[in-house]
Amino acid sequence: PDAPLVRFRKIRPIAGETGAAIAFCGQVSATSPEQREQSFHLFLYDRTAGTETVHILGSESLNGYRVGRKLIGALRRIGCL
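Residues numbered from 1 in each chain as written. Predicted model: local features only at pLDDT ≥ 70, side-chain atom pairs only at ≥ 80, totals over all residues. Heavy atoms only, no water.

### A look at the overall build of the protein
The helix and strand inventory of the protein stands at two helices and four strands. For the protein, the N- to C-terminal ordering of α and β elements is β-β-β-β-α-α. When the 81 residues of the protein are sorted by exposure, 22% land in the buried category. Contacts spanning at least 24 positions in sequence make up 35% of the contacts within the protein whose residues lie at least 6 apart. For the protein, the exposed surface amounts to about 6100 Å²; the carbon and sulfur share of it is 55%. (Helix = DSSP H or I, 4+ residues; strand = E, 2+ residues; numbered from the N terminus. Buried < 20%, exposed > 50% of the residue type's maximum accessible area, 1.4 Å probe, protein only. Contact = heavy atoms within 4.5 Å. Areas by Shrake-Rupley, 256 points an atom, 1.4 Å probe, with all protein chains shown as cover.)

As structure tokens, then:
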């Protein structure tokens, strides 16, 4: 009946090593149809040798750590943020 509305934005390919790997980053939001406010979360998608992996990154993985700051910088350069 009231299925969530899934929206994607700022989806960009991530250049990696040569081979069959496919990787993307972007932002995703899932809200109910009557909800006006969108809450987007960063996601990373990777497919390697038939295995698909999706990571939804919350603020706890991006705030306050050196790795988080480096990740944020890299994702900004790609255009996902």
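### Considerations on the pairing of strand β3 (residues 41–48)
Successive residues of a regular strand alternate their side chains across the two faces of the sheet. One ladder, built from seven bridges, connects strand β2 (residues 22–31) with β3; its direction is antiparallel. In the strand pairing of β3, F24 is matched with Y45. Of the pairings in the sheet, the one linking β3 to strand β4 (residues 51–57) comprises seven bridges and is antiparallel in character. Residue pairing in the sheet places Y45 in a bridge with V54 of β4. Taken together, β3 and the strand that follows it, β4, pair antiparallel across an intervening segment of two residues, in which A49 is found at a positive phi of about 50°. (Pairing = 2+ DSSP bridges.)

### Concerning the sheet that holds β4
The strand order across the open sheet formed by four strands is β1-β2-β3-β4, and the pairing between neighbours is antiparallel. Every other strand in the sheet has two partners, leaving β1 (5–13) and β4 as the edge strands with one partner each. Taken over all neighbouring pairs, the strand axes of this sheet differ in orientation by 25° on average, direction set aside. (Axes fitted to C-alpha atoms, helices over the stretch in contact; angles between N-to-C directions.)

The values reported here are purely geometric and, on their own, carry no functional implication.
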